[in-house]
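If you want the building blocks of each chain, they are given just below.
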Amino acid sequence: MREGSLEAPTRHPIPWQEEGYYDEAALDAELRRVFDICHGCRRCFNLCDSFPRLFDLIDESPTGELDSVESKDFKPVVDACTLCDMCFMTKCPYVPPHEFDLDFPHLMLRARAIEFAKGETSFPDRELAKTDRNGQLASLVAGPANWATKRGNMLTRPILQAVADIDVRADLPAFADATFEEQAAASGAAINAQAPAYGRKALLYATCYVNFNTPGVGLATQKVLAHNGVDMAVAHPGCCGMPKLENGDLAGVAAQARLVAAALEPAIDAGRDIIALTPSCALMLKFEWPLILPEDPQVRKLAAATFDIAEYVVDIAKKEGLAPGLGDLAGPVAMHFACHSRAQNQGPKAAEMLRMIPGSQVSVVERCSGHGGKWGMFTKNFDVGIKIGKPAGRALAKDTPAHVVSECPLAGVHLRQVIETIPAAPVPDRVGHPIELFARAYGF
Ligand code: SF4
Ligand code: SF4
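Cut-offs applied
- Residues numbered from 1 in each chain as written.
- Chains lettered and ligands numbered in written order.
- Predicted model: local features only at pLDDT ≥ 70, side-chain atom pairs only at ≥ 80, totals over all residues.
- Heavy atoms only, no water.
- Near = heavy atom within 4 Å.
- Helix = DSSP H or I, 4+ residues; strand = E, 2+ residues; numbered from the N terminus.
- Nonpolar A, V, L, I, M, F, W, Y, C, P; charged D, E, K, R; others polar.
- 1 Å grid on protein atoms, 1.4 Å probe; cavity = no way out; pocket = protein on both sides within 12 Å on 5 of 7 lines; lining within 4 Å.
- Points joined across faces, edges and corners; volume = space filled by probe spheres on them.
- Domains from an automatic or database assignment.
- Buried area = accessible area lost by both parts, 1.4 Å probe.
- Salt bridge = Lys/Arg side-chain N within 4 Å of Asp/Glu carboxyl O.
- Polar contact = N/O pair within 3.5 Å; in protein donor to acceptor, adjacent residues only side chain to side chain.
- Pairing = 2+ DSSP bridges.
- Axes fitted to C-alpha atoms, helices over the stretch in contact; angles between N-to-C directions.
- Contact = heavy atoms within 4.5 Å.

1. Regarding the site of ligand 1
Link 1 in the chain: In the neighbourhood of ligand 1, the contacting residues comprise L47, C48, S50, F51, C81, T82, L83, C84, D85, C87, F104 and P105.
Link 2 in the chain: Among the secondary structure elements, those contributing two or more residues to the shell around ligand 1 are helix 2 (50–59) and helix 5 (104–117).
Link 3 in the chain: By residue class, the composition of the shell around ligand 1 is nine nonpolar, two polar and one charged.

2. Considering the layout of surface pockets
Link 1 in the chain: The volume enclosed by the second largest pocket comes to roughly 530 Å³.
Link 2 in the chain: Looking at the second largest pocket, it is lined by 24 residues, and the ones nearest its centre are L172, P173, A174, Y209 and V413.
Link 3 in the chain: Of all elements in the fold, only helix 8 (142–149), helix 11 (208–213) and helix 21 (409–420) reach the threshold of two or more residues within the lining of the second largest pocket.
Link 4 in the chain: Of all the elements, helix 21 adds the most residues to the lining of the second largest pocket, at four residues.
Link 5 in the chain: When grouped by side-chain class, the residues that make up the lining of the second largest pocket number nine nonpolar, eight polar and seven charged.

3. A word on the domain arrangement of the protein chain
Link 1 in the chain: Assigned domains of the protein chain: these are domain 1 (19–117), domain 2 (123–164), domain 3 (180–319) and domain 4 (333–441).
Link 2 in the chain: With both chains or domains summed, domain 3 and domain 4 bury close to 2,000 Å², and 70% of this area falls on carbon and sulfur atoms.
Link 3 in the chain: Together, Y209, P279 and V314 form the three largest contributors to the area buried by domain 3 at its contact with domain 4, with a combined 24%.
Link 4 in the chain: Here domain 3 is connected to domain 4 by two salt bridges.
Link 5 in the chain: Here E246 and K374 are joined by a salt bridge, their closest N and O atoms 3.6 Å apart.
Link 6 in the chain: Scanning the region where domain 3 abuts domain 4 turns up seven residue pairs in polar contact (both at pLDDT 80 or more).
Link 7 in the chain: Classifying every residue of the side of domain 3 that touches domain 4 by side-chain character gives 16 nonpolar, six polar and five charged.

4. Observations regarding the sheet that holds strand 3 (residues 273–276)
Link 1 in the chain: Reading across from one edge, 2-1-3-4 is the order of the four strands in this open sheet, with parallel pairing throughout. With partners counted over all chains shown, the strands left at the sheet margins are strand 2 (231–235) and strand 4 (306–308), one partner each. Across the sheet, the axes of successive neighbouring strands diverge by a mean angle of 30°, strand direction being ignored.
Link 2 in the chain: Inspection of the sheet shows strand 1 (residues 201–205) paired to strand 3 by four bridges, in the parallel sense. Following the sheet pairing, L203 is matched in strand 3 by I274.
Link 3 in the chain: Running over the sheet, helix 14 (residues 250–269) touches strand 1, strand 2 and strand 3 and is turned about 160° from strand 1.

This is the structure in structure tokens:
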């Protein structure tokens, strides 16, 4: 629940195709209007590094007010925003429909869009945003790619830092030998025709991360849903464009939205629900794409048909009931409620799902992990990302849970590294996805 207002936040379409969106004087005026409101409010002081940077800037200025801060000094505030949406979704009482009409993340996005339009986005940022191309190439040579990118490889990682600005200390996600699409085609999970949800049809939108890095999340989803009677197809027509959004490349996001929405439309028309296997991608399909292409009927149709994976399992449980067979998990679970799951405004569905396992004890940690997609990998952000993730890491490691999970696979990699930095904290072997635990409870 958002603090300070009972009304649900709404968001305006992003006028990225209008010339005025890129007007630097108009942006500066809007930054000053919003920053002044934030200066008087300060609720978001501990959400991320953007707000502390802003408040220090104002407090250390000659007058202690925004009027004596130069606009050129706003850039570090913009740079520190990971577009996690937490200020908008959980704190700000001034979001629309309030008359202040304040949307801090989308204002940071506009500043990034202007930088992108001026060609100021860095080469590593632009190249790392091509996640489907990078994933396709890396999965062809997964062994050498994983060797080269592994933390501790002092032959290759300093070169990666010098060339791509990826911090030598950052744990990077490994690539799988075979994509989820390939493994799903081979696995052929049998559909349980006796299950109450038999008759449901879904399409798993693989997402770049599950397709190229963690196919196990997709395979676990397949097993759970097939056991519950759901007929499934799998597709990965392209990236959702979240890394391009982080760069302010709104035309790039729109192109991905059009491509994916057109590719998935026949499945929706055939009665399939669309399940996005990564929360950032679900957020894009459900909420960001319709704000970027509000008039596109295929994008709107896809948004209405899309579920987050835990949301879908809970939907089955509530409407038809789950297939029997859930066993004990053998120990408590600490679950990270990822920002982009929270931003979907659906409540902690993964915790709800895990609590349906008999005897489960699930504690939920609602703090940001600090990874911010590719943001936390860069040398200029790595230490800040670890610092932001510390409260979440401490809470997850408290009382040495048997299982630590996060709905966001990238956050999982980062949180494990955060926990390593906390003295005497028990470091989990891996921070997996809640659906993997759920599959395990079914005995898969
Ligand atoms: S969107 Fe997230 S990172 Fe950006 S300013 Fe808001 S809370 Fe901070
Ligand atoms: S974004 Fe809203 S809640 Fe956060 S500091 Fe600014 S005005 Fe306050």
